[in-house]
Number of protein chains: 2
Amino acid sequence: MVVKVYGPAYGSPKRVLVCLVEKDIEFETVPVDLIKGEHKSPEFLELQPFGELPVIQDGDYTLYESRAIIRYYAEKYKSQGTDLLGKTIEERGLVEQWLEVEAHNYHPHVYNLTIHILFAPVLGFPPDEKIIKESEEKLAKVLDIYEERLSKSKYLAGDFFSLADLSHLPFTHYLVGSIKKEYMIRSRKHVSAWWDDISNRPSWKKVLTFGFPALKTL
Amino acid sequence: MVVKVYGPAYGSPKRVLVCLVEKDIEFETVPVDLIKGEHKSPEFLELQPFGELPVIQDGDYTLYESRAIIRYYAEKYKSQGTDLLGKTIEERGLVEQWLEVEAHNYHPHVYNLTIHILFAPVLGFPPDEKIIKESEEKLAKVLDIYEERLSKSKYLAGDFFSLADLSHLPFTHYLVGSIKKEYMIRSRKHVSAWWDDISNRPSWKKVLTFGFPALKTL
């Protein structure tokens, strides 16, 4: 059964795509156009009642929330492809801790920068300069903590690549690319080496071939 | 080894406490006073570099982020106490999905109400009426989706109590109590029955004996 992934052009679904590639799981993608409002159509809301990306369908099993989907596949295919959960329950605990840090301490700031620097001009609302400044300042403090952590272990949860690192890929790709804040990564030696490592994985390079929304039309 | 839980008076650490009670795991609590800034002390930042509650120490193992900690104990003691993860990998996937919904779709709105209705007057800053109004409206839409879901299954992830339900306890307790928005739960038949069910579990009643911050001093 081939896994169907909805919305491959966007950031959160790319968490799922890179996980599936790491786990050698076959999948196909179903485009969803947010600009046309396809995520609010009755058909889509049947799959995802909150009207958000991504969703997967795997036979008659439907699952949403990117970080839930990657946990599901990392566990279901534990011994296939890259092990993304650590070898022990204690290692998995640290993977969960850093996945939560990504979701609650890291992502909100990068997401704000994405909305107000990348998407505001395209969607035609004025970027909020105060939010941009505050988000950048808060993100810098978070990255200082990452720098300290990554000076002690090669990856966030320990000396193994895991879901915690993987989950950072799509939006950090925005940060160093179109958002033009690469200095935030490069000015921190260990964060910079970590980013080079994870963003050069063949899985992520493959996911990049699925493209990102063209900025002119989002 | 007895598990040490830091900050038992506050909402997020109560997720951990109720999980430990459900799993029959012995623990002791270590008070942390946010008003005195104890969460920003050098000693605390050694344990939790972001300066946030909760943290646990279990022998020489330290873990933070409430939803990571509850996953860790639910998995480590899978067959002890209440099973909180479901019986199959597919059930666990749904537990993960609804845990993520709690974190990303439900919690931010209840948290805003907590800050601006409960804590603003105590901490001496003006509550933001616009944020209160918007949060209440957004939470109502989320609860409509919960109502639909809970009309089809007794609990969020299926017909079994899980981490996904448990994670809602501390802040929904604020919502129906001091925030005075109980109508949001009671006006929805299935949400109301679900709340009665989960908030009457002996585990949660035990956790309530640990108290909440006295509002006059937070």
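If you're wondering where the values come from, they're calculated on a predicted model, not measured in any experiment.

Thresholds, definitions, all that
- Residues numbered from 1 in each chain as written.
- Chains lettered and ligands numbered in written order.
- Predicted model: local features only at pLDDT ≥ 70, side-chain atom pairs only at ≥ 80, totals over all residues.
- Heavy atoms only, no water.
- Helix = DSSP H or I, 4+ residues; strand = E, 2+ residues; numbered from the N terminus.
- Rg over C-alpha atoms; globule rule 2.2 N^0.38 Å.
- Buried < 20%, exposed > 50% of the residue type's maximum accessible area, 1.4 Å probe, protein only.
- Contact = heavy atoms within 4.5 Å.
- Areas by Shrake-Rupley, 256 points an atom, 1.4 Å probe, with all protein chains shown as cover.
- Least-squares fit on C-alpha atoms with pLDDT ≥ 70 in both.
- Polar contact = N/O pair within 3.5 Å; in protein donor to acceptor, adjacent residues only side chain to side chain.
- Salt bridge = Lys/Arg side-chain N within 4 Å of Asp/Glu carboxyl O.
- Pairing = 2+ DSSP bridges.
- Domains from an automatic or database assignment.
- Buried area = accessible area lost by both parts, 1.4 Å probe.
- Arc of directions from axis to C-beta.
- Axes fitted to C-alpha atoms, helices over the stretch in contact; angles between N-to-C directions.
- Parallel < 35°, antiparallel > 145°, perpendicular 65-115°, else oblique.
- Core = buried A, V, L, I, M, F, W, Y, C linked by side-chain atoms within 4.5 Å.

Visitor: Help me out: how do you make sense of the overall build of chain A in this one?
Guide: Within chain A, the secondary structure is distributed over 10 helices and four strands. Ordering the α and β elements of chain A from the N terminus gives β-α-β-α-β-β-α-α-α-α-α-α-α-α. Taking 2.2 N^0.38 as the reference for a compact globule, 218 residues should give roughly 17 Å; the C-alpha atoms of chain A span a radius of gyration of 17 Å, in line with that estimate. The buried share of chain A, reckoned over its 218 residues, is 56%. Look at the contacts in chain A between residues 6 or more apart in sequence, and 66% of them connect residues 24 or more apart. Summed over all atoms, the accessible surface of chain A reaches about 9300 Å², with 54% contributed by carbon and sulfur.

Visitor: Looking at this structure, I do not really get the relation of the copies chain A and chain B. What am I missing?
Guide: Turning one copy of the chain about an axis and sliding it along that axis gives the other copy, so a rotation and a shift relate them. Rotating chain A by 180° about the axis while translating it 0.0 Å along that axis superimposes it on chain B, leaving an RMSD of 0.0 Å. Expressed as an axis order, the relation between the two copies is that of a two-fold axis. Looking at the interface residues of chain A, 100% of them are also at the interface in chain B, so both copies use one shared face.

Visitor: Looking at this structure, I do not really get the environment of K14(B). What am I missing?
Guide: All names here are of chain B. Structurally, K14 can be placed in helix α1 (residues 11–22). Once the C-alpha coordinates of K14 and L85 are considered, the two residues, 71 residues apart in sequence, prove to be 18 Å apart. Leave out the neighbours within four places in its chain, and K14 touches P8, A9, P170, W204, V207, G211 and F212. Here the side chain of K14 touches P8 through a polar contact of 2.8 Å, landing on its backbone oxygen.

Visitor: It is not clear to me how the pattern of salt bridges should be interpreted in this structure. Could you clarify?
Guide: In a structure, side chains of opposite charge can pair up when their charged atoms sit close to one another. For the structure on display, the rule yields 40 salt bridges over all chains. A salt bridge links R92(A) to E96(A); the shortest N-O distance between them is 3.0 Å. Of this pair, R92(A) and E96(A) both sit in helix α4 (residues 89–123), four residues apart, roughly one helical turn. Of the charged contacts, one joins E148(A) and K152(A) as a salt bridge, the two residues approaching to 2.9 Å between their closest N and O atoms. We classify E148(A) as partly exposed; its relative accessible area is 44%. Here the residues in one salt-bridge network are R71(A), E75(A), R92(A), E96(A), E100(A), R71(B), E75(B), R92(B), E96(B) and E100(B), joined through shared partners.

Visitor: What should I look at first to understand the pairing of strand β1 (residues 3–6) of chain A in this one?
Guide: In the case of a regular strand, side chains alternate between the two sheet surfaces. Residues and elements named next belong to chain A. Where β1 and strand β2 (residues 27–30) come together, four bridges link them in parallel fashion. Note on β2: the bridge partner recorded for V3 is F27. Where β1 and strand β3 (residues 55–58) come together, two bridges link them in antiparallel fashion. By the bridge assignment for β3, V5 is matched with I56.

Visitor: Would you explain the domain arrangement of chain A in this entry?
Guide: How large an interface is tends to be reported as the accessible area lost when its parts come together. Residues and elements named next belong to chain A. According to the domain assignment, chain A contains domain 1 (3–83 + 205–217) and domain 2 (89–201). Taken over C-alpha atoms, the centre of domain 1 sits 20 Å from the centre of domain 2. Counting residues at the interface gives 22 residues for domain 1 and 24 residues for domain 2. A combined buried area of about 1900 Å² lies between domain 1 and domain 2, and 62% of that area is made up of carbon and sulfur atoms.

Visitor: Can you walk me through helix α9 (residues 189–199) of chain A in this structure?
Guide: Side chains of residues three or four places apart in an α-helix project in the same direction, reflecting 3.6 residues per turn. All names here are of chain A. Here α9 has its buried residues at V191, S192, W194, W195, I198 and S199. In an axial view of α9, the angular spread of the buried residues amounts to 165°, which keeps them on one side of the axis. At its buried positions, α9 is contacted by α5 (129–150), α6 (163–166), α7 (169–176), α8 (182–186) and α10 (202–208).

Visitor: Quick question: what am I supposed to make of the sheet that holds strand β4 (residues 61–64) of chain A here?
Guide: Note on sheets: strands pair through backbone hydrogen bonds, and any given pair is parallel or antiparallel. Residues and elements named next belong to chain A. Judged by pairing direction, the sheet is mixed, and its four strands sit side by side in the order β2-β1-β3-β4 without closing on themselves. The open sheet terminates on both sides in strands that have one partner only, identified here as β2 and β4. For this sheet, the mean inter-axis angle between neighbouring strands, taken without regard to orientation, is 20°. Judged from the four bridges that link them, β3 and β4 form a sheet pairing that is antiparallel. When the sheet's bridge partners are listed, Q57 is paired in β4 with T62. Relative to the sheet, helix α1 (residues 11–22) contacts β1, β2 and β3, its axis offset from that of β1 by approximately 155°.

Visitor: It is not clear to me how the packing of α1(B) against helix α7 (residues 169–176) of chain B should be interpreted in this structure. Could you clarify?
Guide: Each packed pair of helices is defined by two parameters, the angle between the axes and the distance between the axes. All names here are of chain B. Here α1 crosses α7 at 125°, and the two axes come no closer than 7 Å. Relative to α7, the element α1 is oriented oblique. Residues G11, S12, K14, R15 and V18 of α1 form the contact with α7, whose participating residues are L169, P170, F171 and Y174.

Visitor: Any chance you could explain the nonpolar core here in plain terms?
Guide: Taken as a class, soluble globular proteins show a tendency for nonpolar side chains to be buried jointly. Counting 137 residues, the largest nonpolar core has Y146(A) and Y146(B) as the members making the most contacts within it. Ranked by the residues each element gives to this core, the list is headed by α4(A), at 11 residues. If we skip the residues at most four places from it in the chain, Y146(A) touches W98(A), V101(A), E102(A), Y106(A), L156(A), H168(A), V191(A), W194(A) and F50(B).

Visitor: I'm lost on the sheet that holds strand β2 (residues 27–30) of chain B in this one. Help?
Guide: Residue and element names in this part refer to chain B. With mixed pairing, the four strands of this open sheet are ordered in space as β2-β1-β3-β4. Each edge of the sheet is formed by a strand with only one pairing partner; in this case those strands are β2 and β4 (61–64). Along the sheet, successive strands turn relative to each other by an average axial angle of 20°, direction set aside. Strands β1 (3–6), β2 and β3 (55–58) of the sheet are contacted by α1, whose axis makes an angle of about 155° with β1. Its contacts with the sheet put helix α3 (residues 66–76) on β1, β3 and β4, and the angle it makes with β4 is roughly 130°.

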